[in-house]
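Letter by letter, the chains look like this.
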Amino acid sequence: QRDSWSRVWAFLERHLAPVREQLARRKATLELAEGTVAWLARDGQVDKWGARELGRAVQRRIAQPLASLILAGKVTEGARVRVALAGETLNLEVGA
C-alpha cells in the first residue's frame, strides 16, 4: 500500500511540475489540501490506467481551472493557490 501511494505521489508531482513552474514565474505557490491526492488518484483511476489518466485528471481539475484564474487576473504575484476538496469537487482557492 505504501509503495503504491509513493508511486501515485511521484506521478502526481511529475504532472504538477508544469503547474508549479507556471506559478513560480508569478512568484506564486501551489498547495494541495489533505485528501486531494487520494481524490485525484480515484478520479484519475491510477490503478487501472496508470499515470496517463492521472495526468489527464491534473489537467482537467487543476491546470485548466488555474489557467482561467490566471487569465481573469486572480492569481497575482506572491499568491498562494490552494487545491481543496469541497464534497466531491476540487476547488482552487487563491489567497495572499
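Rules behind the numbers
Residues numbered from 1 in each chain as written. Predicted model: local features only at pLDDT ≥ 70, side-chain atom pairs only at ≥ 80, totals over all residues. Heavy atoms only, no water. Helix = DSSP H or I, 4+ residues; strand = E, 2+ residues; numbered from the N terminus. Rg over C-alpha atoms; globule rule 2.2 N^0.38 Å. Contact = heavy atoms within 4.5 Å. Areas by Shrake-Rupley, 256 points an atom, 1.4 Å probe, with all protein chains shown as cover. Lys, Arg positive; Asp, Glu negative; His and termini not counted. Charge placed at Lys NZ, Arg CZ, Asp CG, Glu CD. pLDDT = per-residue confidence, 0-100.

This part takes up the overall build of the chain. On a plain count of helices and strands, the chain comes out with four helices and three strands. At 13 Å, the chain has a C-alpha radius of gyration in line with the 12 Å of a compact globule built from 96 residues. Principal axes of the C-alpha set define a box for the chain whose edges measure 40 × 25 × 20 Å. Partitioning the contacts of the chain with sequence separation of at least 6, the portion at a separation of at least 24 is 59%. Just so you have it, the chain exposes about 6000 Å², and 49% of that area is on carbon and sulfur atoms. Taking the average place of the 16 positive charges on the side chains of the chain and the average place of its 11 negative ones, the gap between the two points comes to 4 Å.

This part takes up the confidence of the model for the chain. In the predicted model, the chain carries a mean pLDDT of 87, and the fraction of residues at 70 or more is 91%. Within the chain, helix α3 (residues 46-49) has the poorest average pLDDT of any element, 56, and strand β1 (residues 29-32) the best, 96.

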